[in-house]
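Overview (structure and organization)
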Amino acid sequence: MQVREKVMLVGIFKGRGGREDAEESMDELASLVETAGGEVAIRILQERRSIHPATFTGKGKVEEIGAVCEEEDIDLVVFDDDLSPAQARNIEKLAERRVIDRSQLILDIFALGARTSVAKSQVELAQIEYTLPRLRRMWEHLSRTGGGIGTRGPGETQLEVDRRRIRRRMFTLKKQLGKFEQDRAVRTAKRGPFVKASLVGYTNTGKSTLFNGVTKANVTTGDRLFETLDATTRVLRLPLKEVVLLSDTVGFIRKIPHHLVASFHATLECVIDADIIIHVADISHPGYESQIATVRSVLEDIGATGKHEILVFNKVDMVKDEDILKLALRMHEEAIPLSALYGWGVDAVKERLLQDALGRKEKITVSLPPKDGKMLSYLHKYGTVLGQELVDGRMSVVVKIERRYMKPLADYIESPAPQEGTQN
Ligand SMILES: Nc1nc2c(ncn2[C@@H]2O[C@H](COP(=O)(O)OP(=O)(O)OP(=O)(O)O)[C@@H](O)[C@H]2O)c(=O)[nH]1
Ligand SMILES: [Mg+2]
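Nothing here was measured: the structure is a model prediction, and the numbers come from that model. (Residues numbered from 1 in each chain as written. Chains lettered and ligands numbered in written order. Predicted model: local features only at pLDDT ≥ 70, side-chain atom pairs only at ≥ 80, totals over all residues. Heavy atoms only, no water.)

**What about the confidence of the model for the chain?**
Averaged over every residue, the pLDDT of the chain is 89; residues scoring 70 or more account for 92%. When the criterion is pLDDT under 50, residues 144–148 qualifies, and its contacts beyond four places in sequence or with other chains add up to four contacts. Across residues 417–424 the pLDDT falls below 50, and counting only partners more than four positions away or on other chains, this stretch makes seven contacts in the model. (pLDDT = per-residue confidence, 0-100. Contact = heavy atoms within 4.5 Å.)

**So, the site of ligand 1**
Taken together, 23 residues surround ligand 1, and among them Lys207, Thr209, Glu227, Thr228 and Asp317 come closest. Between an oxygen atom of ligand 1 and a main-chain N or O atom of Gly206, the distance comes to 2.9 Å. Between an oxygen atom of ligand 1 and a side-chain N or O atom of Ser208, the distance comes to 2.9 Å. Considering every element that reaches the shell around ligand 1, the biggest residue donor is helix α8 (residues 207–215), with three residues. Looking at the shell around ligand 1, its residues break down into five nonpolar, 12 polar and six charged. (Near = heavy atom within 4 Å. Polar contact = N/O pair within 3.5 Å; in protein donor to acceptor, adjacent residues only side chain to side chain. Helix = DSSP H or I, 4+ residues; strand = E, 2+ residues; numbered from the N terminus. Nonpolar A, V, L, I, M, F, W, Y, C, P; charged D, E, K, R; others polar.)

**Remarks on the sheet that holds strand β3 (residues 76–79)**
Read across the sheet, four strands follow the order β2-β1-β3-β4 without closing on themselves; strand pairing throughout is parallel. Both edges of this open sheet fall to β2 (39–47) and β4 (98–101), since each of them pairs with a single strand only. Recorded for the sheet is a direction-independent mean angle of 25° between the axes of neighbouring strands. Where strand β1 (residues 6–13) and β3 come together, four bridges link them in parallel fashion. Bridge pairing links Leu9 to Val78 in β3. (Pairing = 2+ DSSP bridges. Axes fitted to C-alpha atoms, helices over the stretch in contact; angles between N-to-C directions.)

**Some remarks on the packing of helix α1 (residues 18–35) against helix α4 (residues 102–113)**
Here α1 crosses α4 at 35°, and the two axes come no closer than 9 Å. Viewed along their axes, α1 and α4 form a crossing whose handedness is left-handed. The residues of α4 that touch α1, namely those facing Ser25, Glu28, Leu29, Leu32, Val33 and Thr35, are Arg102, Leu105, Ile106 and Ile109. (Left-handed = near helix turned anticlockwise from the far one by under 90°.)

**Comments concerning the coordination of the magnesium ion (ligand 2)**
Around the magnesium ion (ligand 2), the protein contributes the donor atoms Ser208 (OG) and Thr228 (OG1), which lie 2.0 to 2.1 Å from the metal centre. Here Ser208, found in helix α8, pairs with Thr228, found in the loop between α8 and β6 (232–237); they are 20 residues apart in sequence, far enough to count as distant. Assigned by exposure class, Ser208 and Thr228 land together as buried. (Donors = N, O, S within 2.8 Å, 3.2 Å for Na, K, Ca; no water. Buried < 20%, exposed > 50% of the residue type's maximum accessible area, 1.4 Å probe, protein only.)

**So, the pattern of salt bridges**
With the rule as written, the count across this model stands at 25 salt bridges. Lys255 is the partner of Asp80 in a salt bridge, and the nearest nitrogen-oxygen pair spans 2.9 Å. Of this pair, Asp80 sits in the loop between β3 and α3 (85–95) while Lys255 sits in the loop between β7 (243–248) and α9 (258–263), placing them 175 residues apart in sequence. When its relative accessible area of 4% is taken as the criterion, Asp80 is described as buried. A single network of salt bridges, built from pairs that share partners, joins Asp21, Glu24, Glu28, Asp80, Asp81, Arg102, Arg254 and Lys255. (Salt bridge = Lys/Arg side-chain N within 4 Å of Asp/Glu carboxyl O.)

**Things to note about the sheet that holds strand β9 (residues 308–314)**
Sheet architecture is open: six strands sit in the order β6-β7-β5-β8-β9-β10, paired in mixed fashion. With partners counted over all chains shown, the strands left at the sheet margins are β6 and β10 (336–337), one partner each. By the bridge criterion, seven bridges tie strand β8 (residues 276–282) to β9 in an arrangement that is parallel. Pairing of Ile278 across the sheet is with Ile310, part of β9.

**Some words on the environment of Ile44**
Counting through the fold element by element, Ile44 comes out in strand β2. Ile44 gets classed as buried once you look at its relative accessible area, which sits at 11%. Taking C-alpha positions, Ile44 is 8.6 Å from Ile65, a pair spaced 21 residues apart along the chain.

**Some points on the packing of aromatic side chains**
Here the structure, examined in full by the defined rule, presents seven aromatic pairs. Each ring, one from Phe110 and one from Phe226, has its centre 4.7 Å from the other, and the planes form 55°; the classification is tilted. Here the residue Phe110 occupies a position in helix α4, and Phe226 occupies one in the loop between α8 and β6, the gap between them amounting to 116 residues. A single burial state applies to Phe110 and to Phe226, both of which are buried. Measuring from ring centre to ring centre gives 5.2 Å for Phe110 and Phe264, while their planes differ by 85°; the resulting arrangement is edge-to-face. Separated by 154 residues along the polypeptide, Phe110 in helix α4 and Phe264 in the loop between α9 and α10 (265–273) bring together distant segments of the chain. No difference in accessibility class separates Phe110 from Phe264, as the two residues are buried. Ring pairing ties together the aromatic residues Phe110, Phe226 and Phe264, which thus form one cluster. (Phe/Tyr/Trp six-rings, centres within 6.5 Å; stacked < 30°, edge-to-face > 60°.)

**Quick notes on the side chain of Ser396**
Secondary-structure assignment places Ser396 in strand β13 (residues 394–402). Residues contacting Ser396, with those up to four places away along its chain left out, are Thr365, Val366, Gly387, Gln388, Glu389, Val391 and Glu414.

Okay, structure coming up:
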């Protein structure tokens, strides 16, 4: 963008208790505008008990917004909450300015940042789904001619044509993405039956920085929202021959548009499939608690529940007041403090990952008929073989293996896992 658009932000809050939360949301909206290349000139935050069905805020307020826009030369008005197509249309008419909502802004940032073909297809799908119910608004200026019985205006006809074309495009995109997901499932299956872990967290908390630090990968990081828009997976080799497949993916945000979550299924698949989730929180951010809550609720929305979570507090180097960290660690005793940027605490994350991966497995002894090469290679493929020897003409194998792979072994298991404290 050559000339930075001048932007006005509009938000509402209910009751005095909602003010702080709304302020935080407005701060974030301002960062989103900057990420999209705009410049925030004015913020309006209004207390409102109810949403006006036609104009979201009251009609008088919208007229006031229009007057301020005129005075301050504002190009664009961004609402912090979702507007219905009719509300957006009415506000645009009254205020005589272009109006978008938070969802549209986020979609715009995703469209700007999408690099891979999968990310591009996903964003396009989300944008189309967002646009479809709003098409009438775009065609309105053309459909003013005609009207009345038997004289459907050209805009109306064009609208039908456009809707059909867009639905066809949606179908193609969904097919493409479905194929991609299938291909990836095959690729992952080929990699072997490893424990899968996925980095998740609010946007800009340092997920990719930690990913690079742990795997020596080279994912792009940066101090902007939604730097990462696709998924990268690396094999992480840990001590004791343990291997974990670790993925880095897109970050979350409050009020994330649901079209976006739905169409980003391919990118979020690594989270949905994960056995372990490494939840990265930015402890230097004053709103880290609500960010943690947002991330957990998005995880629920996408069906990534019931997984083991490793919580990490990143950016400890930026925490000025030690008491803040102490308090946070008292509230979340299991959390690991770290600085992904400086590499402090990264080993602790690896160690926890190792313990969790090991904890998912049981040590068993299997006794195989001497010539059962097939079963022996099954054990090598799905488990970690710790030792094997011939005992009374049979092959006795000590192996660590996840429960989910034990079924074919049922007839051969000789002894269950030894008790705690027994050395490997
Ligand atoms: N001071 C400090 N900065 C950090 C730390 N970890 C990451 N950062 C910075 O925070 C910014 C965001 O880091 P990323 O790794 O891109 O964050 P992300 O969670 O992957 O962000 P998205 O992909 O946009 O969701 C970058 O400017 C990093 O250099 C840390 O431990 N300390
Ligand atoms: Mg990232």
